[in-house]
Amino acid sequence: MLSTFIASVFIVFANIPTFDKVGEVVYFGIENSINIQLNNCNPEEIQLKVNVGSLQKRSDSTYVYIPQGVQDEIKFKLYYKKVLCAITSVSSRMLPEPTLAFEKEIGGSLKEKDLENPGKLLFNYAKEYPDFNKSKILTFAIMLNDKQGVPIYSTTIKGESLDNVTLNNLKKLTKGAIISIDNIITTNINKGNNRYPAYKQINVID
């Protein structure tokens with residue numbers, strides 16, 4: 001009888017679903033993927049439960065989780081045939097805001113020598129920022145003011161790089177001039193096209 005019981009347990013648990021590369025942190029305000037390794041198990045008999053927040057099934061092996069807020073411990077429990085197979089805990093954090101800067105910009109300033117080609121205007125993301133939620137700039141408005149504060153040029157840029165006309169006007173600026181960036185339109189694989197709520201000023205220095 002004992003050997004039969006042990007054999008039965010081995011058969012039941014020889015293949016069980018497992019968590020697949022679930023990190024230690026999920027982020028509030030976005031959809032976080034929770035992936036499962038099926039390991040040849042019947043997906044109809046797999047259940048994933050969480051103690052708090054919203055959990056939705058997207059495919060046999062992928063769930064989407066949205067936290068309710070910032071919390072230190074969120075527990076995911078994985079079941080197969082109503083038997084608990086695995087538990088994993090994560091914490092939820094606010095998604096760190098990216099910073100917006102030209103490639104040669106330092107601390108909100110551009111040197112005169114870099115005005116000839118300041119590089120692309122890009123979002124700088126923290127290391128922990130999930131790749132799937134990163135955005136790309138489609139268009140932005142730029143205004144150039146001389147050191148007396150007089151506007152000398154403004155336009156809308158398509159993409160992340162300044163065009164030749166804008167670069168030629170940029171080279172006319174000297175120490176004390178101000179470059180203003182606003183009306184930024186971004187695109188994101190999850191959210192589509194959006195207006196990014198930012199107004200940015202860049203100082204021209206020696």
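Everything that follows concerns the structure shown earlier in this document.
Quick summary incoming for the structure in this document.

Rules used in this analysis
- Residues numbered from 1 in each chain as written.
- Predicted model: local features only at pLDDT ≥ 70, side-chain atom pairs only at ≥ 80, totals over all residues.
- Heavy atoms only, no water.
- Helix = DSSP H or I, 4+ residues; strand = E, 2+ residues; numbered from the N terminus.
- Rg over C-alpha atoms; globule rule 2.2 N^0.38 Å.
- Buried < 20%, exposed > 50% of the residue type's maximum accessible area, 1.4 Å probe, protein only.
- Contact = heavy atoms within 4.5 Å.
- Areas by Shrake-Rupley, 256 points an atom, 1.4 Å probe, with all protein chains shown as cover.
- Lys, Arg positive; Asp, Glu negative; His and termini not counted.
- Charge placed at Lys NZ, Arg CZ, Asp CG, Glu CD.
- Salt bridge = Lys/Arg side-chain N within 4 Å of Asp/Glu carboxyl O.
- Polar contact = N/O pair within 3.5 Å; in protein donor to acceptor, adjacent residues only side chain to side chain.

## Some thoughts on the overall build of the chain
- Helix and strand content of the chain: two helices and 16 strands.
- Taken against the 2.2 N^0.38 rule, which gives 17 Å for 206 residues, the C-alpha radius of gyration of the chain at 26 Å runs more than 25% over that of a compact globule.
- In terms of overall dimensions, the chain has a C-alpha envelope of 95 × 30 × 25 Å along the principal axes.
- For the chain, buried positions account for 34% of its 206 residues.
- Across the chain, every contact between residues at least 6 apart in sequence was considered, and the portion connecting residues at least 24 apart equals 56%.
- Total accessible area computed for the chain in this model is approximately 12400 Å², and 50% of it derives from carbon and sulfur atoms.
- Side-chain charges of the chain comprise 24 positive and 21 negative groups, with the mean position of each set lying 2 Å from the other.

## A word on the pattern of salt bridges
- All chains considered together, the criterion is met by six salt bridges.
- A salt bridge links Lys 200 to Glu 105; its shortest N-O distance comes to 2.7 Å. Of this pair, Lys 200 sits in strand β16 (residues 200–205) while Glu 105 sits in the loop between β9 (99–102) and β10 (109–111), and the two are 95 residues apart along the sequence. Here Lys 200 matches Glu 105 in class, with each residue buried.

## Observations concerning the side chain of Ser 92
- In this fold, Ser 92 is placed in strand β8 (residues 83–94).
- A polar contact of 2.6 Å, which involves the side chain of Ser 92, links it to the backbone oxygen of Gly 69.
- Here the side chain of Ser 92 touches Gln 71 through a polar contact of 2.7 Å, landing on its backbone nitrogen.
- In contact with Ser 92, not counting residues within four places along its chain, are Val 26, Pro 67, Gly 69, Val 70, Gln 71 and Ile 74.

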